[in-house]
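# Results of the structural survey
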Amino acid sequence: MRANIAQARHYPTRRRPAYVAFIVHRLSGLALALFLPVHFWALGRALTAEAELEGFLRWTDSPAVKAAEWVLVLLLAAHAGGGLRLLALEFLPWRDWQRSLLAVAAAFSVVVGLAFALAL
Amino acid sequence: MHTARREAQLWLAQRASAAILGICVVVHLITIIYATRGGLSGAEILARTRGNAAWLSFYVVFVLAVAVHVPIGLRAIASEWLGWDGRMRDGLLIAFAVVLVLVGLGATWGLFW
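Residues numbered from 1 in each chain as written. Chains lettered and ligands numbered in written order. Predicted model: local features only at pLDDT ≥ 70, side-chain atom pairs only at ≥ 80, totals over all residues.

## Describing the overall build of chain A
If you tally the helices and strands in chain A, you get five helices and zero strands. Listing every helix and strand of chain A by position from the N terminus yields α-α-α-α-α. When burial is assessed residue by residue, chain A has 20% of its 120 residues classed as buried. Counting only contacts in chain A whose residues sit at least 6 apart along the sequence, the fraction spanning at least 24 positions is 68%. (Helix = DSSP H or I, 4+ residues; strand = E, 2+ residues; numbered from the N terminus. Buried ≥ 20, exposed ≤ 12 C-beta atoms within 10 Å, placed from the backbone. Contact = placed C-beta atoms within 7 Å.)

Laid out in structure tokens, this is it:
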């Protein structure tokens with residue numbers, strides 16, 4: 001507790017890890033919200049026939065699209081990791097290990113990002 | 001409806017949909033990485049999903065949870081960052097939820113049929 005107060009005094013509000021986590025969660029959510037209708041629409045069109053889907057998958061082979069896909073997967077992992085952290089903070093009784101959830105959420109995003117990058 | 005009651009219901013809907021999405025996103029991420037790593041063709045992907053009621057059910061739940069979760073999140077951003085409240089905001093977000101359901105279920109049906 002004393003350490004928390006000391007840390008809170010040391011960092012300006014906007015540089016505290018919890019605030020950074022809030023901003024990452026919010027901006028990743030906003031980006032995903034904008035992307036989702038396009039994703040559903042493009043997938044719906046591509047799935048009208050196997051040939052269409054094949055063409056769509058070939059289009060996603062280009063480096064620029066792959067880079068964009070990687071960013072989206074990273075955003076999805078960051079938002080999911082941050083969201084699960086919030087659910088644990090809000091619904092589970094407080095325990096000391098919950099302080100580490102921020103690092104766990106960040107690690108989850110990095111692991112998913114790396115796994116997807118290696119699979120590309 | 002009383003404002004505080006409505007806000008509490010939206011808060012709960014946001015958390016309940018988040019819990020469902022937590023599972024759906026992990027499954028979706030594993031599927032994406034599996035399909036990408038395996039270099040699956042369009043025909044191979046569709047061979048796994050067409051006529052598969054389990055994948056259909058999974059993606060229907062996924063789309064419905066998204067359609068609940070996303071507009072409530074955007075509502076918070078509109079209020080807190082843009083100071084935009086009121087019926088116009090809520091009406092547009094309900095319309096956005098309907099669009100997500102329609103295009104999402106359309107894509108899901110394409111995977112199944």
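## Observations regarding helix H1 (residues 3–38) of chain B
When the terminal C-alpha atoms of H1 of chain B are compared, their 50 Å separation across 36 residues agrees well with the 52 Å that a helix rising 1.5 Å per residue should span. When we look at burial in H1 of chain B, the residues that qualify are Ser17, Ala18, Leu21 and Val25 of chain B. The inward-facing, buried residues of H1 of chain B contact helix H4 (63–91) of chain A together with helix H3 (53–82) of chain B. Glycine 39 of chain B, located one to two residues past H1 of chain B, shows a positive phi value of around 60°. (Expected span 1.5 Å × (residues − 1).)

## As for the packing of helix H2 (residues 17–46) of chain A against H3 of chain B
Two elements in contact, H2 of chain A and H3 of chain B, have axes whose closest approach is 10 Å; the angle formed by their N-to-C orientations is 125°. On the basis of the axis angle, H2 of chain A is oblique to H3 of chain B. As for how H2 of chain A packs across H3 of chain B, the hand of that crossing is left-handed. Only Val66, Val70, Gly73, Leu74 and Ile77 of chain B of H3 of chain B make contact with H2 of chain A, whose side of the interface consists of Arg26, Gly29, Leu30, Ala33 and Leu36 of chain A. Partitioned by chemical class, the residues of the contact of H2 of chain A with H3 of chain B number seven nonpolar, two polar and one charged. (Axes fitted to C-alpha atoms, helices over the stretch in contact; angles between N-to-C directions. Parallel < 35°, antiparallel > 145°, perpendicular 65-115°, else oblique. Left-handed = near helix turned anticlockwise from the far one by under 90°. Nonpolar A, V, L, I, M, F, W, Y, C, P; charged D, E, K, R; others polar.)

## A word on the confidence of the model for chain B
Residue and element names in this part refer to chain B. With 99% of its residues at a pLDDT of at least 70, chain B reaches an overall mean of 93. No element of chain B has a lower mean pLDDT than helix H2 (residues 42–49), at 86, and none a higher one than H3, at 97. Predicted complex metrics record ipTM = 0.90 and pTM = 0.87. (pLDDT = per-residue confidence, 0-100.)

## A look at the nonpolar core
Counting residues in hydrophobic clusters, the biggest one holds 29 residues, and the most contacted among them are Leu76 and Ala77 of chain A together with Val66 and Ala67 of chain B. With residues up to four places along the chain from it excluded, the contact list for alanine 77 of chain A reads Phe108, Ser109, Val112 and Gly113 of chain A together with Leu29 of chain B. (Core = buried A, V, L, I, M, F, W, Y, C linked by C-beta atoms within 7 Å.)

## Quick look at the interface of chain A and chain B
Contact with chain A, which involves 28 residues of that partner, is made by 27 residues of chain B. Counting only elements with at least two residues in the side of chain A that touches chain B, the list comes to H2, helix H3 (50–59), H4 and helix H5 (101–119) of chain A. A total of 10 residues in the side of chain A that touches chain B trace back to one element, the largest contributor, which is H2 of chain A. Of the residues that constitute the side of chain A that touches chain B, the class distribution is 21 nonpolar, four polar and three charged.

## What about the packing of H2 of chain A against H4 of chain A?
All names here are of chain A. Direction vectors running N to C along H2 and H4 enclose 130°, while the axes themselves pass 9 Å from each other. The orientation of H2 relative to H4 falls into the category oblique. Handedness of the crossing formed by H2 with H4: left-handed. Contact with H2, carried on its side by Ala21, Val24, His25, Ser28, Gly29, Ala31, Leu32 and Phe35, involves Leu72, Leu75, Leu76, Ala78, His79, Gly82 and Gly83 of H4 and no other residues of that element. Split by residue class, the contact of H2 with H4 holds nine nonpolar, six polar and no charged.

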